[in-house]
Amino acid sequence: MTSLDNVKSDEFLNSVLPLFYGPTVEIQITSSGRPFRVSKDLLAQHSSYFASMFNGKFLERQTQVAVLEKIEGVVSEASLAALLQWIYTKRINLTVTDFNPISESASFISAALEFARFADMCGVTGMESEMAHAVERSIKNYRVDHAIGVRDKKPITYEHMTSSEHLPPGHPMRRALAKVFVAGFICSESSTAAHRMKFFPNLAADVLQEMVEALHVRHHKYHDINRPRKRFKISFIDPSTEKEIVL
């Protein structure tokens, strides 16, 4: 189903409206969790995971009830609510439940990663780039508000790096995190991050790709041209802040 913003009235009546009524199924997180009644057809149309669960050779086909076990950093009531919001409206407005002491940005990144991993688990796609852009904006705003420089602490935690490893290759969300490390690595100012990165091969590969792209568009500028020895500077654009950094 396309975004509701782009659906014409006749298409809405014929193709979209029927998905909001008819057979429903029930989903809840743990047996004591709050049950959510969801359109079976709409859910099956967007999620191969739930389509197989409710239409395949599983108990859920008989009961039409799915009880999901909570998985830290993946399955929670918050990630389920975000998934259903996306399926029904093609919009995402994450609820941040666990506030990180580092910053609101870190808490938002945690919620976004949890949603991304749950969506990947359920085979629901289409929101990856939108979520990556939201994470990039959150990081950029954090660095502006706190006057963050290359050497300063970033709102990316060890848990974020660990969680991102479970996303599929080339996932925009991990690429968004990778951009944060580019300037530090190029300027040789991230010895701690470099040491840690060996434990995160997927993230490291994305960091390398972002570094290649950043250096591909590097700039050469001459200055002090009136001096006997002409000097020049080499700079690149930090993909995380979109600011020029001189090497």
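What comes next concerns the included structure. (Residues numbered from 1 in each chain as written. Predicted model: local features only at pLDDT ≥ 70, side-chain atom pairs only at ≥ 80, totals over all residues. Heavy atoms only, no water.)

1. Points about unusual backbone geometry
Move 1: The backbone of Thr-30 shows a phi angle near 65 degrees, a positive value even though the residue is not glycine.
Move 2: Residue Glu-242 is not a glycine yet carries a positive backbone phi of 65 degrees.
Move 3: Position of Glu-242 relative to the elements: it lies in the loop between strand S5 (231-237) and strand S6 (244-246). (Helix = DSSP H or I, 4+ residues; strand = E, 2+ residues; numbered from the N terminus.)

2. Things to note about the packing of aromatic side chains
Move 1: Applying the stated criterion across every chain yields a total of 3 aromatic pairs.
Move 2: When the centroid spacing of 5.1 Å and the interplanar angle of 80 degrees are considered together, the rings of Tyr-49 and Phe-50 count as edge-to-face.
Move 3: Its relative accessible area of 26% is what places Tyr-49 among the partly exposed residues.
Move 4: Seen in terms of ring centroids, Phe-50 and Phe-54 are 6.3 Å apart; in terms of plane orientation they differ by 20 degrees. Their pairing is stacked. Pair noted here: Phe-50 and Phe-54 are both in helix H3 (residues 48-55), with a separation of 4 residues, about one helical turn. Side by side, Phe-50 and Phe-54 carry an identical accessibility label, which is buried. (Phe/Tyr/Trp six-rings, centres within 6.5 Å; stacked < 30°, edge-to-face > 60°. Buried < 20%, exposed > 50% of the residue type's maximum accessible area, 1.4 Å probe, protein only.)

3. A word on helix H6 (residues 104-122)
Move 1: Under the 1.5 Å per step criterion, the end-to-end length of H6 is 27 Å for 19 residues, consistent within 8% with the ideal 27 Å.
Move 2: Of all the 19 residues making up H6, 14 are buried; the element is thus mostly covered by neighbouring parts of the structure. (Expected span 1.5 Å × (residues − 1).)

4. Quick word on the environment of Arg-37
Move 1: On the secondary structure map, Arg-37 appears in strand S2 (residues 36-39).
Move 2: As a C-alpha pair, Arg-37 and Glu-26 span 11 residues in sequence and 4.7 Å in three-dimensional space.
Move 3: For Arg-37, the contacting residues outside a window of four places in its chain are Thr-24, Val-25 and Glu-26.
Move 4: One polar contact links Arg-37 to Glu-26, side chain to side chain, over a distance of 3.3 Å. (Contact = heavy atoms within 4.5 Å. Polar contact = N/O pair within 3.5 Å; in protein donor to acceptor, adjacent residues only side chain to side chain.)

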